[in-house]
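Listed here are the chains, written in short residue letters.
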Amino acid sequence: MKIDGRPWRPIWLEADGGRVGIIDQTLLPHRFETRSLATLDGAAHAIAAMQVRGAPLIGATAAYGVALAMAEDAGDGVLDRAVAVLAATRPTAVNLRWALDRMDRHLRPLAPGERREAAYAEAARLVEADVAANAAIGRHGLELVRAAARRRGPGWPVRILTHCNAGWLATCDWGTALAPIYMAHDAGIPLHVWVDETRPRNQGAALTAWELLAHGVPHTVVADNAGGHLMQRGLVDLCIVGADRVTAAGDVANKIGTYLKALAARDSGVPFHVAVPSSTIDWTIEDGIAGIPIEERSADEVRHIQGMAEDGRVLSVRLVPDGSPAANPAFDVTPARLVDGLITERGRCAATAAGLRGLFPDHS
Ligand SMILES: CSC[C@H]1O[C@H](OP(=O)(O)O)[C@H](O)[C@@H]1O
C-alpha cells in the first residue's frame, strides 16, 4: 500500500540481498521507523516483540528468518535450530508453522551449499503468494460490500466494523479483512469503518486507523465495548475480521474480543464474515476451542498503555494499581456457528467443513 504516495510493504529484502527490512509496528502511529533484520535471532525477536505481527506477516518473517540462518550456516543443525527458535515465538497463528514447514520441506533435501539462495527465493515466493492471495480475498470480499451497498441504497455509506488490524500491516500487502475495504473504497463505494481499538495492544486504534487514514477511508475509532451497542442500534451493516487460525470445520481463532463481536452480530442480525487465506487454515483440527493454543502475553500489556506525549515522546503509562494482578489472553475462538461466511483467495464459503472442502478439495 502507499504512504504519502510511496508504495510500501511491511517486509522486504534489503538492497544487500541479505538483510530483511521491516516496519517496527510497536511505534506506530506515533513514529514510523524501519528495522533491518540480519540474523535468525533478530527475526525471532521481531515476531515475539510484535515489531511485526499478523498471521501472514509472522509466517513471512519466519520464512526470511530461516533464510537469515542459512546465510550464516546452512547445516542441518542450524536448520533444525532455526525452525525450533522461530516456532517458539508465538503459538496461535498457524501461518508460522505453515511457513516453517514449507521452508523445511524445500531446504532439507538440498545440499547445504544450495540452501542460502534457495531459502531467500522460497521466502520471496511465499511473500508474493500472500500478496496475490490477499488481493483475491479483496476481490471476493468486494462482492459482499457491493451487496451491502445495494441494500443501503445510492450514496449511503456501507458501515463495516472490524477488530484488531487485519490490514496490509498484518500481511505482505493488501491485508485480509481490510482488502475488500480498500478495493471498495477505490471502486468509489461509500464506506464508513468502525475501528475497534482492540485492547490491550490497540492494534485497531494504532494500526488500522493509521492505515485507513493514510488511504483516505472514512472511519471512526471506538472502544471495544461500543461494538455491540452500534450493532444493536442498526449502525453496522457488516462485520469483517481477520483470523490467526481457522480449523477444518470453520472455527476461528482471532484477536481477543472477536468472539464477543460475533455474539453481538448474531444477536443483532449483522452478517459476520472472516477473511482468511488458506495459509491460515489448520486442516489438522476441527474443534478450535479444544485444539487451538491461545497465546498468553505479558500482563504488563494490560497494566500499561502506550501513547505519545505532547512533546512527541512515546510513553508507556501504568493503568492499574501497582499491586493488581492482570491476565492477558491474546486470542479467542469464535465457533463456526457464529460465522456467516469465510472469504478466501478461492472465493467465499460457509464456515463449515463442507464449505472449506468445496473450495480446497486438494486438502483432506
Ligand atoms: C491477517 S492476520 C491479522 C490478525 O493477527 C492479529 O493478531 P496479532 O496482532 O497479535 O498478531 C489479529 O488477531 C488479527 O486479526
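Residues numbered from 1 in each chain as written. Predicted model: local features only at pLDDT ≥ 70, side-chain atom pairs only at ≥ 80, totals over all residues. Heavy atoms only, no water.

In the nomenclature of an unreviewed UniProt entry, the protein chain corresponds to Methylthioribose-1-phosphate isomerase from the organism Stella humosa. Reading the Function (unreviewed entry) entry of the UniProt record for the protein chain gives the comment "Catalyzes the interconversion of methylthioribose-1-phosphate (MTR-1-P) into methylthioribulose-1-phosphate (MTRu-1-P). Also catalyzes the interconversion of 5-deoxyribose 1-phosphate and 5-deoxyribulose 1-phosphate. Part of a bifunctional DHAP-shunt salvage pathway for SAM by-products." (UniProt positions renumbered as here; feature names shortened; annotations may be inferred.)

To continue, consider the sheet that holds strand E9 (residues 238–241). Here we have seven strands laid out as an open sheet, ordered E8-E7-E6-E9-E12-E17-E18, and mixed in their pairing. The open sheet terminates on both sides in strands that have one partner only, identified here as strand E8 (219–222) and strand E18 (347–349). Across this sheet, the average inter-strand angle for adjacent strands is 25 degrees, counted without regard to direction. The sheet contact formed by strand E6 (residues 158–162) and strand E7 (residues 191–196) spans five bridges and is parallel. Note on E7: the bridge partner recorded for Val158 is Leu191. Lying on the sheet, helix H6 (residues 178–186) is in contact with E6 and E7; it crosses E7 at an angle near 155 degrees. Along the sheet face, helix H9 (residues 258–268) touches E6, E7, E9 and strand E12 (272–275) and points at about 145 degrees away from the line of E12. (Pairing = 2+ DSSP bridges. Helix = DSSP H or I, 4+ residues; strand = E, 2+ residues; numbered from the N terminus. Axes fitted to C-alpha atoms, helices over the stretch in contact; angles between N-to-C directions. Contact = heavy atoms within 4.5 Å.)

Let us now look at the site of the ligand. Looking at the ligand, there are 16 residues lining it, with Gly54, Arg90, Asp244, Asn254 and Lys255 nearest. Asn254 places a side-chain nitrogen or oxygen 2.5 Å from an oxygen atom of the ligand. The protein chains hide 100% of the 400 Å² of surface that the ligand would expose on its own. Broken down by secondary-structure element, the contributors of at least two residues to the shell around the ligand are helix H2 (55–72) and strand E11 (252–255). A per-class count over the shell around the ligand returns seven nonpolar, five polar and four charged. Residues lining the shell around the ligand come from more than one domain, with at least three contributed by each of domain 1 (2–129) and domain 2 (137–363). (Near = heavy atom within 4 Å. Polar contact = N/O pair within 3.5 Å; in protein donor to acceptor, adjacent residues only side chain to side chain. Areas by Shrake-Rupley, 256 points an atom, 1.4 Å probe, with all protein chains shown as cover. Nonpolar A, V, L, I, M, F, W, Y, C, P; charged D, E, K, R; others polar. Domains from an automatic or database assignment.)

This part is about the pairing of E12. Alternating residues of E12 divide into Phe272 and Val274 and His273 and Ala275, and every residue in both groups is buried. Pairing geometry for E9 and E12, over three bridges, is parallel. Pairing of Val241 across the sheet is with Val274, part of E12. Summarising the sheet, E12 and strand E17 (residues 341–344) pair through three bridges and their orientation is parallel. Residue pairing for E17: Ala275 is matched across the bridge by Ile343. (Buried < 20%, exposed > 50% of the residue type's maximum accessible area, 1.4 Å probe, protein only.)

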